[in-house]
Amino acid sequence: MTVVAMRADASSILAELASDLGVTPVEGSDGRLELVAAVMRRLAGVLCPCPRAALKLAVLKSLDRLVQWTDELEWRTEAAIEGALVGGDLLELANVVIAEEHEQPTWLYCAPPGFVRGPGARLYILGIPPDGALFLPTGVRERLRHQGSARFVDEQLNEGLAETLTSLGLREIKPDVWRHARRPEIAANHIATLRRKLEREGATGTIAELRVLRPASTPGTAYTSRWMAPDKGSGLRVGRFAGGFGNRIWCLVELEQGEVKRYLRLPLRDSALAPSDAAWLAQLALDAFAGQPGTYRCAPRDDGVVIICSFPLPRFARRRFEYIDGGTTALAPYAFWVPDAQRIAEEAFLREQLWLMPAQP
């Protein structure tokens, strides 16, 4: 028997890894986020259900000795996980009972394989099978394209690919279900619901390492500049504090002269929203009710407009916009492209669902 020794460097290992995972980035991409997303999906199939922090750490440990762009690895890992949650590869559940103790951590679960029809002939492939099992035919896998955390294949004329995928056991998710949005309500009603829940179910006591979002000083106040330790103010605040398993717990806090009077973990028990979505909706409602709403502005681009928002959008809104633009744009945070024909409808969605207002010139 002849043993052949080969020298492998980090670049060749990464190339082999990308090939093994079937990563084929779209034109114009450097393939880094697509590779991280593919590694994340493979590890999720082994580790989930697990806390988000555990999945992130596993991805970092898998790649930090291989990639030369280590300064980008952490944010790309966060982007890959968040993209999988927006698209539907992963599900994030709060208020999970683990080991018969209700610690209310947030855990990630793999969604079962499925697909949704995108714009034109595009089919987005969703879900993560256990242990990296293959669930697509070879011919479809070879045509699969990756863009960030998303995977899609363009159906050929009269191919009947959707029917083929259904026959293989993949569930078809209707676009209207995939783009699920809340029923419109005014900001005051949303706050009233939160207040009632806080009064009935809110906990008391001090909260260690609490950070809150300060009230907006003007319409469209930048999100990242608003995090702070509780000041001497009073009223409702959206906040985060240290939780188990490395999580940061989202909460609604009632402050009285800077002290916590009561608090409520988010999301509400009867809500299907992700924790961050529930928190951002609460803050958008508080800002609008206080007369300092989040804002958006429009910039013309390619027979449409880029809508740039001042505040993070919940996942159902990001999914909606990513469906519209086909996942083709790589824009600034909280920015999405929509065609001119849909501009009026999408601006109405932002006003009615998220209480955003057009930015003043």
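Scoring rules and cut-offs
- Residues numbered from 1 in each chain as written.
- Predicted model: local features only at pLDDT ≥ 70, side-chain atom pairs only at ≥ 80, totals over all residues.
- Heavy atoms only, no water.
- Helix = DSSP H or I, 4+ residues; strand = E, 2+ residues; numbered from the N terminus.
- Rg over C-alpha atoms; globule rule 2.2 N^0.38 Å.
- Buried < 20%, exposed > 50% of the residue type's maximum accessible area, 1.4 Å probe, protein only.
- Contact = heavy atoms within 4.5 Å.
- Areas by Shrake-Rupley, 256 points an atom, 1.4 Å probe, with all protein chains shown as cover.
- Lys, Arg positive; Asp, Glu negative; His and termini not counted.
- Charge placed at Lys NZ, Arg CZ, Asp CG, Glu CD.
- Disulfide = S-S within 2.5 Å.
- Pairing = 2+ DSSP bridges.
- Axes fitted to C-alpha atoms, helices over the stretch in contact; angles between N-to-C directions.
- Expected span 1.5 Å × (residues − 1).
- Parallel < 35°, antiparallel > 145°, perpendicular 65-115°, else oblique.
- Left-handed = near helix turned anticlockwise from the far one by under 90°.
- Nonpolar A, V, L, I, M, F, W, Y, C, P; charged D, E, K, R; others polar.
- Core = buried A, V, L, I, M, F, W, Y, C linked by side-chain atoms within 4.5 Å.

**Student:** Explain the overall build of the protein chain to me, please; I cannot follow it from the model alone.
**Tutor:** Broken down by element type, the protein chain carries eleven helices and 17 strands. Here the protein chain has a C-alpha radius of gyration of 22 Å; the compact-globule value for 361 residues is 21 Å, and the two agree. Projected onto its principal axes, the C-alpha coordinates of the protein chain cover approximately 80 × 50 × 40 Å. Looking at the protein chain as a whole, 47% of its 361 residues are labelled buried. Of all intrachain contacts in the protein chain linking residues separated by at least 6 positions in sequence, the fraction that spans at least 24 positions is 62%. Roughly 18,400 Å² of accessible area belongs to the protein chain as shown, and the carbon and sulfur atoms make up 52% of that amount. For the protein chain, the centre of its 43 positive side-chain charges and the centre of its 44 negative side-chain charges are spaced 4 Å apart.

**Student:** Teacher, can you tell me more about the state of the cysteines here?
**Tutor:** By definition, a disulfide links the sulfur atoms of two cysteines through a covalent bond. On inspection of all chains with the given rule, the structure shows zero disulfides. Cys-48 takes part in no disulfide bond, and the closest cysteine sulfur to it belongs to Cys-50, at a distance of 4.0 Å.

**Student:** Where do I start with the sheet that holds strand E14 (residues 295-300) in this structure?
**Tutor:** Adjacent strands of a sheet pair through backbone hydrogen bonds, lying either parallel or antiparallel. Strand order in this open sheet of four strands is E16-E15-E14-E17, and the pairing throughout is mixed. Each of the sheet's edge strands pairs with one partner strand only, and the pair in question is strand E16 (335-339) and strand E17 (357-358). Pairing of E14 with strand E15 (residues 304-309) involves five bridges; the strand directions are antiparallel. Of the residues in E15, the one forming a bridge with Ala-299 is Val-306. Packing against the sheet, helix H11 (residues 343-354) makes contact with E14, E15, E16 and E17, and its axis sits at approximately 165° to E14.

**Student:** I keep staring at H11 and nothing clicks. Help me out?
**Tutor:** A turn of α-helix holds 3.6 residues, and therefore any two residues three or four places apart point the same way. Helix length check: H11, at twelve residues, gives a terminal C-alpha distance of 16 Å against a target of 16 Å (1.5 Å per residue), a fit within 8%. All of the buried residues along H11 are Glu-346, Glu-347, Ala-348, Phe-349, Leu-350, Gln-353 and Leu-354. Positive backbone phi, at 60°, marks Trp-355, one or two positions downstream of H11.

**Student:** I'm lost on the packing of helix H8 (residues 187-201) against helix H9 (residues 275-289) in this one. Help?
**Tutor:** The description of two packed helices rests on the angle between their axes and on the distance between the axes. Where H8 contacts H9, the two axes come as close as 9 Å, and the packing angle between them is 125°. Between H8 and H9, the angle falls in the class oblique. Read as a crossing pair, H8 and H9 show a hand that is left-handed. Across the interface between the two elements, Ala-187, Ala-188, His-190, Ile-191 and Leu-194 from H8 touch Leu-281, Ala-282, Ala-285, Leu-286, Ala-288 and Phe-289 from H9. Taken together, the residues of the contact of H8 with H9 break down into ten nonpolar, one polar and no charged.

**Student:** I tried to follow H9 on my own but got confused; where do I start?
**Tutor:** Between the first and last C-alpha of H9 there are 21 Å, a value that for 15 residues agrees with the 21 Å anticipated at 1.5 Å per step. Within H9, 13 of the 15 residues are buried, which leaves it mostly tucked inside the rest of the structure. Just past H9, the residue Gly-291 takes up positive phi, approximately 80°.

**Student:** Any chance you could explain the sheet that holds strand E2 (residues 90-93) here in plain terms?
**Tutor:** Spatially, E1-E3-E2 is the arrangement adopted by the three strands of the open sheet, whose pairing is antiparallel. Lying at the two open borders of the sheet, with one neighbouring strand each, are strand E1 (50-51) and E2. Across two bridges, E1 lies against strand E3 (residues 107-110) in antiparallel orientation. When the bridges of E3 are listed, Cys-50 appears paired with Leu-108.

**Student:** Help me understand the nonpolar core in this model?
**Tutor:** A general trend in soluble globular proteins is that nonpolar side chains are found buried together. Val-238, Ile-307, Leu-313, Phe-321, Leu-350, Leu-354 and Leu-356 are the most contacted members of the largest nonpolar core, which has 38 residues in total. Going through the elements one at a time, H8, strand E11 (235-242), strand E12 (248-256), H9, E15, helix H10 (315-325), E16 and H11 are the ones with two or more residues in this core. Residue contributions to this core peak at eight residues, all from H9. Apart from the residues within four sequence positions on either side, Leu-354 is in contact with Leu-281, Leu-284, Leu-313, Pro-314, Phe-316, Ala-317 and Phe-349. Formed by 30 residues, the second largest nonpolar core is a distinct cluster that contains Ala-18, Leu-33, Ala-37 and Leu-85.

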